[in-house]
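As a plain string of letters, each chain reads:
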Amino acid sequence: MRKRRILVLVLLLSLGISLLAASIMKDSLNKTRSLVRVKCLGCLGLDPHREEGVELWGAYPEGYSGSESWREGKVPEHPEWILKELDKKRVVILFFWGEGCEPCKRQWEGMRDLGFVEGSERDGRIAEGYSENISLYSLDAGVPEYGKVYEIYIPPPGEVGVPMTVILIKAGGEVMWYSRVGYWEPEDLVLTIEEILTGEEGGQNG
Amino acid sequence: MQMTVLLASIAGVVGVRATFLIYPYFFCPASPGAVAACPIWMIEHGVLESHRGAGAVFALIGYLLGVILLLGALFGRGSCGWACPVGFLQDGLKHLRSTPLKRMKPHHLAVLSLAFILPTLLYSSMALGYLATFGFYMLIGLAIHQGIRRRKFWASLLLTISGVALIALSALLRAGVVEAYQTSPRPLAFFTSVEFTGFTGLLAALPGAAALFLTYWRRRAGRDPFTLKMGGKERIARPIKYGILLSIAPLSYVTGTLAFTDVDPIGGLVATLPTLFYQPELWRGNPTFFWIKAANTGLFMALAVTVYRGWCRYLCPLGALWSPMNRISLLRIEFEPKRCINCGLCVRSCPMGLDPRVQAMSLECIVCSKCVEVCPTEALVLKFAGRKLTERPLRSVAGGDEG
């Protein structure tokens, strides 16, 4: 009996170590860390709605503490691909979502119902009527590569969670941005974008 | 030990960054300051990754299984007994009257609880959020204790009435009949918000009503209402946790959500409430799962005081995941029948309601070693890889310390 138990123990230990090794080769550690880093506010039952207006930031605002490089004393830079996209379009929108995130799905479906986006959040794109001026990227914040971009745009005071919607524009050669954690009423979001497109960008937008 | 584990679980409060580790116990990664992943949450995320292919699923599920097999082979279900903060909370509610709290009067506890809560009125931070939450639960625990353990009818009645009043206030706030306190400091506004009044109302009213019912029951039936005697129903109730565990993956797959995480009461305890305390402005809209979570949290509290380790016995899916590992683990409680004098101390001390003489290291055993501590003849011994971990002089049964 005892010998059999030891045999099973050795077998399970070996299986456990093999599984760990094989999953690590599949990037499980980075994947897990990325998932832990992004807080699921929807599954907390805390899904923030913001009623305040949109304030576009030229520099990182006071209280910003999101990205690793900022904590190390460096000012994080906008990714190159976003800067390139801003040279082509007036507005770039980053929509960060997460697996199983109910509010993300709700916001995306709301934007789709308004005819602002098409497809699902997995393969989403801006609707044709808006595509001339706007680039939209729907990004899974749990994917390590996008997780790094997510970190750059965490709004003050280091508030994390999905959905997170980031608006970027280029005004007078300067990149300005705003990001909001939590569900954003699709009508308000679309209205904000339309106001920016009609020339109110660069200041306080209600 | 469990307190240290709890503090390590929320190391993000002092600036520790998110890690790739998995908590070997039930703790929500969405808690303020959480630094690791929850095993149940890993199962759900693994299932939701299925659209990316087998590799993506394996990265999470394979990693989790590897951790479970490795730690399980070493410690069995020991993390439930030695590390789990939820177990700690349940132990706290059970031992509210044991040392050092034994000598404390109820009003001492009430003052202590308020001392935890009040600082959040002056300054809001993650650490204070946890302290306030701890104080909040102490207050509820105190009221439940007075109501159920001490059979103080007034305490249960007060708890129920205050809970119902808070729920009514929440409804009035929602309807706009009364206005919430709007000025700073922000936690004050939170205390008078629709969400907080509703949440606390449920947390008070549900256990209060349960206490009233149990007191009434005791008076009618002449039995102690504190210990909800499950008797033969234990056989039916204990497998529920396996059913919950097995349903998690299919539910996530079908609904496309973190189905269990969205409503689980532990998230309400260790994540939702502390978050609300330190960031009360986080949410102003209609909650997606808030009320289900709040109701489940209330039910959890009621269960925690009516059945010792009731969550672990009947509902915890993580306990169900660990339990098969008890069969082979290196950490073991062993029973030597020749030394046993059948004093029954081990049976009375077991938080899981087992008879350690025949059920030590069964699927239900959490290897907490409370039976080992009370055994006067060392008939029960805690061993790791065959080496005895407890060395102490034998005690007489009459003079034995029951722990």
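Residues numbered from 1 in each chain as written. Chains lettered and ligands numbered in written order. Predicted model: local features only at pLDDT ≥ 70, side-chain atom pairs only at ≥ 80, totals over all residues. Heavy atoms only, no water.

Caption draft 1: Main features of the packing of helix α2 (residues 39-48) of chain B against helix α3 (residues 54-75) of chain B. Residues and elements named next belong to chain B. In contact at an axis separation of 8 Å, α2 and α3 are set at 155 degrees when each is read in the N-to-C sense. Comparing their axes, α3 and α2 come out roughly antiparallel. In this structure, α2 crosses over α3, and the sense of that crossing is left-handed. Packed against α2, whose contacting residues are P39, M42, I43, H45 and G46, the element α3 presents V57, L60, I61, Y63 and L64 at the interface. (Axes fitted to C-alpha atoms, helices over the stretch in contact; angles between N-to-C directions. Helix = DSSP H or I, 4+ residues; strand = E, 2+ residues; numbered from the N terminus. Parallel < 35°, antiparallel > 145°, perpendicular 65-115°, else oblique. Left-handed = near helix turned anticlockwise from the far one by under 90°. Contact = heavy atoms within 4.5 Å.)

Caption draft 2: Layout of the interface of chain B and chain A. On the side of chain A, 49 residues touch chain B, which itself brings 61 residues to the contact. Here chain B packs against chain A, burying approximately 4600 Å² in sum over the two surfaces, 67% of which is carbon and sulfur. One salt bridge in this structure joins R52(B) and E99(A), with 3.3 Å as the shortest N-O distance. If you look at where chain B meets chain A, you find 10 residue pairs in polar contact (both at pLDDT 80 or more). For the side of chain B that touches chain A, the elements supplying multiple residues, two or more each, are α2, α3, α14 (259-263), α15 (265-278), α16 (290-306) and β1 (331-335) of chain B. With 12 residues, the top contributor of residues to the side of chain B that touches chain A is α3(B). (Buried area = accessible area lost by both parts, 1.4 Å probe. Salt bridge = Lys/Arg side-chain N within 4 Å of Asp/Glu carboxyl O. Polar contact = N/O pair within 3.5 Å; in protein donor to acceptor, adjacent residues only side chain to side chain.)

Caption draft 3: The arrangement of the side chain of R77(B) in detail. Residues and elements named next belong to chain B. Along the polypeptide, R77 turns up in the loop between α3 and α4 (78-82). One buried charged side chain, R77, makes no salt bridge at all; its nearest oppositely charged neighbour is E364, positioned 4.3 Å away. In contact with R77, not counting residues within four places along its chain, are K241, C312, G319, W322, S323, N326, M352, L363, E364, C365, I366 and V367. (Buried < 20%, exposed > 50% of the residue type's maximum accessible area, 1.4 Å probe, protein only. Lys, Arg positive; Asp, Glu negative; His and termini not counted.)

Caption draft 4: Representation of the packing of aromatic side chains in the model. Residue and element names in this part refer to chain A. One pass over the structure, following the stated rule, counts 13 aromatic pairs over all chains. Ring centres of Y153 and W177 lie 5.3 Å apart, and the angle between their planes is 80 degrees; this geometry places the pair in the edge-to-face category. One end of the pair, Y153, is in the loop between α6 (144-152) and β6 (164-171); the other, W177, is in strand β7 (residues 174-181), and 24 residues separate them in sequence. Across the pair, W177 and Y153 agree in class, each one buried. (Phe/Tyr/Trp six-rings, centres within 6.5 Å; stacked < 30°, edge-to-face > 60°.)

Caption draft 5: Inspection of the confidence of the model for chain A at higher detail. Looking at chain A as a whole, the pLDDT averages 83, with 85% of positions reaching at least 70. Per-residue pLDDT stays below 50 along residues 201-206 of chain A; that stretch engages in 18 contacts with residues further than four places along the chain or on separate chains. (pLDDT = per-residue confidence, 0-100.)

Caption draft 6: Region of the structure containing the environment of S138(A). Residues and elements named next belong to chain A. As for its position among the elements, S138 is in strand β5 (residues 134-140). On the basis of relative accessibility, which here comes to 14%, the residue S138 falls in the buried class. Along the backbone, S138 and W108 are 30 residues apart, and their C-alpha atoms lie at a distance of 9.4 Å. When residues no more than four places from it in sequence are discounted, the contact partners of S138 are F95, W97, W108, E121 and G124. There is a polar contact of 3.2 Å between the side chain of S138 and the side chain of W97.

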